[in-house]
Protein chains: 2
Amino acid sequence: MKVALSGPEIERLVQALGKLPGLGPRSARRAALALIKKRETLLDPLTVALREAAEAIKVCHVCGHIDTTDPCGLCVDPRRDDSLLCVVEDVGDIWALERSGVYRGRYHVLGGTLSALDGRGPDALNIPALLDRIEGKTGLEIVLALSATVEGQATAHYLTEQLSRSGAQVTRLGHGVPIGGELGYLDEGTLAAAFKSRRPL
Amino acid sequence: MKVALSGPEIERLVQALGKLPGLGPRSARRAALALIKKRETLLDPLTVALREAAEAIKVCHVCGHIDTTDPCGLCVDPRRDDSLLCVVEDVGDIWALERSGVYRGRYHVLGGTLSALDGRGPDALNIPALLDRIEGKTGLEIVLALSATVEGQATAHYLTEQLSRSGAQVTRLGHGVPIGGELGYLDEGTLAAAFKSRRPL
């Protein structure tokens with residue numbers, strides 16, 4: 001029941017948009033239509049932004065962050081605390097933590113988690129660079145900000161072992177009820193963690 | 001609390017994506033990250049698709065549809081029924097109706113609805129072309145597929161008056177319970193319409 005409804009160029013635009021996370025086939029179509037209808041305010045600026053970003057992006061050789069400079073802005077920022085190193089799975093996690101404004105140390109991007117299912121071992125992760133980076137440093141706290149999933153926790157476990165020789169203090173993020181979260185909607189694991197980490201008021 | 005987290009090129013890409021319908025600030029950031037990380041499979045194809053679409057798109061002078069040919073594919077398709085003309089507000093409505101596969105006639109895009117609030121009168125809509133198009137035709141049914149909103153219905157009312165001289169039969173879409181809709185979530189207007197249009201089983 002596929003109808004030849006619009007030209008191939010429009011179809012290809014819908015296809016390309018539909019591959020973005022968060023855009024399904026319908027929203028891709030709506031976005032394509034908006035782009036086509038507002039060529040000067042939407043389509044042309046996006047085309048330019050994509051081309052400029054493609055030309056400018058670099059992966060930081062120190063931490064694995066994506067930026068337009070190498071080393072990245074976070075690695076060279078003198079105001080950040082060198083005694084704190086936060087290990088994350090992905091660049092998006094840095095962005096999320098930076099939005100929260102809670103952390104002022106350095107970062108290290110693993111590029112994923114260990115996964116027996118996907119055959120992703122330690123070699124696939126940015127771990128050697130991490131070990132190089134912390135070698136010889138003293139008074140360092142390494143915060144493992146990894147997902148609270150089986151794979152994230154397996155990765156945290158592996159890293160804790162690897163880091164045990166370094167003398168750094170290794171910590172992990174706290175678990176508990178998310179802010180704004182309603183108890184009735186939480187899974188049992190989160191509830192159990194929240195109970196274990198309860199505090200006096 | 002804005003942090004200089006990534007280069008201006010990346011920020012501009014996030015801004016440009018955030019203007020698309022369906023993408024808020026967070027999903028725009030996620031989409032930007034996906035584009036940057038998968039340059040060959042996501043970013044480059046989207047850049048090309050945008051440029052090609054921008055070069056190819058045309059507005060059909062007959063019906064107002066957007067396509068890569070003028071007249072558009074729907075206007076020149078010989079398999080479509082010339083005795084049916086469906087009037088819609090927007091190009092997106094054509095796409096939605098075509099997906100449903102229920103309609104095989106021609107279309108006419110108004111480009112919006114009458115709106116006293118936004119100061120949009122009949123002159124702002126593609127109505128003269130509609131009247132020209134149907135002049136002298138006989139045996140024509142004009143389906144007003146407009147939104148079931150105050151503005152959509154005001155537009156339908158106005159069009160019905162304008163079209164009364166043409167001799168065409170003017171119809172509107174049926175109102176009722178949407179397929180998959182649960183009664184408890186429906187507004188009173190829809191329920192009232194559904195009751196009025198009830199049928200024997």
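Small disclaimer: the values here were computed from a predicted structure and weren't measured.

### Looking at the pattern of salt bridges
Right, on to step 1. Per the counting criterion, the structure on display carries 16 salt bridges over all chains.
Right, on to step 2. Asp 90 of chain B serves as the salt-bridge partner of Lys 37 of chain A, at 2.5 Å between the closest nitrogen and oxygen. Of the two residues, Lys 37 of chain A is situated in helix H2 (residues 25-37) and Asp 90 of chain B in the loop between strand E3 (81-88) and helix H5 (91-100); the pairing between them involves two chains.
Right, on to step 3. A relative accessible area of 42% means that Lys 37 of chain A is categorised as partly exposed.
Right, on to step 4. Here Asp 82 of chain A and Arg 106 of chain A are joined by a salt bridge, their closest N and O atoms 2.8 Å apart. With Asp 82 of chain A in strand E3 (residues 81-88) and Arg 106 of chain A in strand E4 (residues 105-109), the pair connects residues that are 24 residues apart, well separated along the chain.

### Observations concerning the side chain of Glu 9 of chain A
Right, on to step 1. Mapping Glu 9 of chain A onto the fold places it in helix H1 (residues 8-18).
Right, on to step 2. As a buried residue without a salt bridge, Glu 9 of chain A has its nearest oppositely charged side chain in Arg 12 of chain A, at a separation of 4.7 Å.
Right, on to step 3. In contact with Glu 9 of chain A, not counting residues within four places along its chain, are Ala 49, Glu 52, Ala 53, Ala 56 and Thr 68 of chain B.

### As for the domain arrangement of chain A
Right, on to step 1. If you check the domain split of chain A, you get domain 1 (8-56) and domain 2 (66-200).
Right, on to step 2. Centre-to-centre, using C-alpha coordinates, domain 1 of chain A lies 33 Å away from domain 2 of chain A.

### Description of the interface of chain B and chain A
Quoted interface sizes are often the accessible area lost when the parts come together.
Right, on to step 1. Taken together, the contact between chain B and chain A spans 54 residues of the former and 53 residues of the latter.
Right, on to step 2. Carbon and sulfur atoms make up 75% of the area that chain B and chain A hide from each other, which totals about 5,100 Å².
Right, on to step 3. Put simply, chain B and chain A have 4 salt bridges between them.
Right, on to step 4. The partner of Glu 52 of chain B in a salt bridge is Arg 12 of chain A, with the nearest N and O atoms 3.2 Å apart.
Right, on to step 5. Taken together, chain B and chain A are joined by 6 residue pairs in polar contact (both at pLDDT 80 or more).
Right, on to step 6. If you list the elements that add at least two residues to the side of chain B that touches chain A, you get helix H1 (8-18), helix H2 (25-37), helix H3 (39-56), strand E2 (66-67) and H5 of chain B.
Right, on to step 7. Among the elements that take part in the side of chain B that touches chain A, H3 of chain B stands out by supplying 13 residues, more than any other.
Right, on to step 8. Here the residues of the side of chain B that touches chain A sort into 31 nonpolar, 9 polar and 14 charged.

The rules behind the values
Residues numbered from 1 in each chain as written. Chains lettered and ligands numbered in written order. Predicted model: local features only at pLDDT ≥ 70, side-chain atom pairs only at ≥ 80, totals over all residues. Heavy atoms only, no water. Salt bridge = Lys/Arg side-chain N within 4 Å of Asp/Glu carboxyl O. Helix = DSSP H or I, 4+ residues; strand = E, 2+ residues; numbered from the N terminus. Buried < 20%, exposed > 50% of the residue type's maximum accessible area, 1.4 Å probe, protein only. Lys, Arg positive; Asp, Glu negative; His and termini not counted. Contact = heavy atoms within 4.5 Å. Domains from an automatic or database assignment. Buried area = accessible area lost by both parts, 1.4 Å probe. Polar contact = N/O pair within 3.5 Å; in protein donor to acceptor, adjacent residues only side chain to side chain. Nonpolar A, V, L, I, M, F, W, Y, C, P; charged D, E, K, R; others polar.

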